[in-house]
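Examination of the molecular architecture
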Amino acid sequence: MTDIIRQVEEQDKNGLTDIHIFITQFYQKFDLRTIMLYICERHFQKVSNRSLFSGLRSVTHFGRPQFDNFFEGLQELHSDVGQIGVFSCGPPPMTRSVEAGCAYCNQIEGPVFIHHYENF
């Protein structure tokens, strides 16, 4: 997956993509180790403009996102576009959660979210 995202980043000469990666395995384990990983990741991203974990320019987040809030923020940030493509890869409950977040935000005036996904 990181190879595909790396290719997208390399081919995106106009800055059209905004990629966010969520590491969800830490959702229930938000402890000192997770906090240290988070601090190291944020520092490394600021210094090198890359993720410590993936080596990508994509922003890495820890924990499960609140998709409604996350997508609303994207609508505000990219209010000048008509559509926002969302790609998710994961188990069916996760992709359903992404789809629900897209559906929620599609009721709000602004860019329309188009969800593409792969389940495993």
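Residues numbered from 1 in each chain as written. Predicted model: local features only at pLDDT ≥ 70, side-chain atom pairs only at ≥ 80, totals over all residues. Heavy atoms only, no water.

Glancing now at helix α2 (residues 32-48). With 17 residues, α2 ought to run about 24 Å at 1.5 Å a step, and its terminal C-alpha atoms sit 24 Å apart, in line with that. Listed as buried for α2 are Thr34, Glu41, Arg42 and Gln45. Along the axis of α2, the buried positions cluster into a sector of 95°, meaning they face one direction only. Exposed side of α2, more than 90 degrees from the buried face: Leu32, His43, Lys46 and Val47 are the residues found there. In the core, the buried residues of α2 are packed alongside β2 (59-62). Asparagine 49 occupies a position one or two residues after α2 and carries a positive phi of about 60°. (Helix = DSSP H or I, 4+ residues; strand = E, 2+ residues; numbered from the N terminus. Expected span 1.5 Å × (residues − 1). Buried < 20%, exposed > 50% of the residue type's maximum accessible area, 1.4 Å probe, protein only. Arc of directions from axis to C-beta. Contact = heavy atoms within 4.5 Å.)

Core analysis: the largest hydrophobic core is formed by 9 residues, namely Phe67, Phe71, Leu74, Ile84, Val86, Val98, Cys102, Cys105 and Phe113. Leaving out residues up to four positions away in the same chain, cysteine 105 has contacts with Asp68, Phe71, Glu72, Gln75 and Phe113. (Core = buried A, V, L, I, M, F, W, Y, C linked by side-chain atoms within 4.5 Å.)

A separate point is the packing of helix α3 (residues 67-77) against helix α4 (residues 92-106). Where α3 meets α4, the closest approach of the two axes is 8 Å, and the angle between their N-to-C directions is 50°. As the angle between them shows, α3 and α4 are arranged oblique. Judged by the twist between their axes, the crossing of α3 over α4 is right-handed. Every residue of α4 that contacts α3 at Phe67, Asp68, Phe71, Glu72 and Gln75 is listed here: Ser97, Val98, Ala100, Gly101, Cys102, Tyr104 and Cys105. Class assignment of the residues belonging to the contact of α3 with α4 gives a composition of 7 nonpolar, 3 polar and 2 charged. (Axes fitted to C-alpha atoms, helices over the stretch in contact; angles between N-to-C directions. Parallel < 35°, antiparallel > 145°, perpendicular 65-115°, else oblique. Left-handed = near helix turned anticlockwise from the far one by under 90°. Nonpolar A, V, L, I, M, F, W, Y, C, P; charged D, E, K, R; others polar.)

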